[in-house]
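Commentary on secondary and tertiary structure
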Amino acid sequence: MRVIKIGGAQMGPIQKAEDRASVVARMIALLDRAAEQGCGLVVFPELALTTFFPRWKEHEADIPSFYEDAMPNAATQPLFDRAKAHGIAISFGYAERTPEGRRFNTSILTDRTGAIVGKYRKVHLPGHVEYDPERTHQHLEKRYFEPGDLGFPVWRNEGAVMGMCICNDRRWPETWRVMGLQGVELVVLGYNTPSVNSQMGDEGLEKRLYHSELSITSGAYQNACWAVAVAKAGDEDGHPLMGGSIIVDPNGFVVARAQTEGDELIVADADMDACNFGKETIFDFARHRRIEHYGRITAQ
Ligand code: ING
């Protein structure tokens, strides 16, 4: 039994004006709650340190102020220190600016000592580059980030094979299978998903929650791995983000689900050996896949 007690630390809204210190304090409060419950790993959302700023144009917000030039840094060091004190591994997303000025939608994974063991840069950027007046709200991730250049790596951490993806990545089966082919046992991801579709106003929240859950449960089942998907939720400056954070087992069943759109911790005991049956039978890739028929997937 390789059981990891996993915490999904859903966060409520972060307003444009909220500073990093206030956000980090909220993250530490969730971390303390997770420590009380004996968690060994806590997963935070995509862009966990700031509001979802890709909804704003340059003249509407101080876009450069939302990026981090180093990680950890002065604002986040207290979070890393608290995680180390608790002996809890963490993962969270943030906007990364490299010394060369390149910008990525990034997430990191630490071990229980607070050391960063993995970094991931979001590959599938939804939305658009130019301002689109037809949309009810903007989604300028293609304007503010480059597609990730690190692929979909996995890392052995805390006795398990772990991988990361971010938000829209979860909707693409290739994301899951590339990690599945590396033996991933736990995929952690954060998301900031608007409650309404900027191009299809009548698409209800229920449908959006369904498509998110469908993407995650399918990815977990089809690759015999655990998945922890954590939302930033609630109303950010008048723009609602959906909740729906879940923990999914290697058979695709939801074993924990957030009930609110605020700061909320969901917890599950995840036995990494529960991945073995699927990987050794129905999804024994070596035995069952027929790659001679799959070429189109990597073609244009
Ligand atoms: N947000 C959304 C997501 O993929 C989206 C964008 C929503 C795309 C719904 C398609 C349908 O969850 C981010 N940040 O990727």
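Residues numbered from 1 in each chain as written. Predicted model: local features only at pLDDT ≥ 70, side-chain atom pairs only at ≥ 80, totals over all residues. Heavy atoms only, no water.

1. Thoughts on the site of the ligand
- Around the ligand lies a shell of 13 residues, among which C167, N168, R171, T193 and R208 are the nearest.
- One nitrogen or oxygen atom from the side chain of E46 is found 3.4 Å from a nitrogen atom belonging to the ligand.
- Between the ligand and R170, the relevant distance is 3.1 Å, taken from an oxygen atom to a side-chain nitrogen or oxygen of the residue.
- If the ligand stood free it would expose 360 Å²; the protein chains cover 83% of that surface. (Near = heavy atom within 4 Å. Polar contact = N/O pair within 3.5 Å; in protein donor to acceptor, adjacent residues only side chain to side chain. Areas by Shrake-Rupley, 256 points an atom, 1.4 Å probe, with all protein chains shown as cover.)

2. Considering the sheet that holds strand β14 (residues 264–271)
- Across the sheet, which stays open at both edges, the six strands sit in the order β5-β4-β3-β2-β1-β14 with mixed pairing between neighbours. Edge positions in the sheet fall to β5 (116–121) and β14, since each of these pairs with one other strand and no more. Averaged over all adjacent pairs, the angle separating strand axes in this sheet is 25 degrees, with direction ignored.
- As paired strands, strand β1 (residues 3–10) and β14 are joined by eight bridges and run antiparallel to one another. Looking across to β14, one finds that K5 is bridged to D269. (Pairing = 2+ DSSP bridges. Helix = DSSP H or I, 4+ residues; strand = E, 2+ residues; numbered from the N terminus. Axes fitted to C-alpha atoms, helices over the stretch in contact; angles between N-to-C directions.)

3. Details of the pairing of strand β6 (residues 154–157)
- Here β6 runs beside strand β7 (residues 160–166); their pairing, made up of four bridges, is antiparallel. Opposite W155, over in β7, you have M162 as the bridge partner.
- Turn length for the β6-β7 hairpin, with the two strands adjacent in sequence and antiparallel, is two residues, and the turn residue E158 shows positive phi of about 55 degrees.

4. Some words on the packing of aromatic side chains
- Per the counting criterion, the structure on display carries nine aromatic pairs.
- Consider the rings of F53 and Y144, whose centres lie 6.0 Å apart with planes at 45 degrees: the pair is tilted. Remark: Y144 occurs in helix α3 (residues 141–144) and F53 occurs in the loop between β2 (41–43) and α2 (77–86); sequence separation between them is 91 residues. Across the pair, exposure class does not vary: F53 and Y144 are buried alike.
- Centroid distance Y221 to F283: 5.1 Å. Interplanar angle 85 degrees. Geometry classified as edge-to-face. Taken together, the residues Y221 in helix α5 (residues 205–222) and F283 in the loop between α6 (276–280) and α7 (285–288) connect sequence positions 62 residues apart.
- An aromatic cluster is present here, built from F53, F66, Y67, Y144 and F145 joined pairwise through their rings.
- Of note, K16 hangs over the ring of W56, and the distance from its end group to the ring centre comes to 4.0 Å.
- Here R170 stacks its cationic end above the ring of Y191, 4.3 Å away from the centre of that ring. (Phe/Tyr/Trp six-rings, centres within 6.5 Å; stacked < 30°, edge-to-face > 60°. Buried < 20%, exposed > 50% of the residue type's maximum accessible area, 1.4 Å probe, protein only. Lys NZ or Arg CZ within 6 Å of the ring centre and 35° of its normal.)

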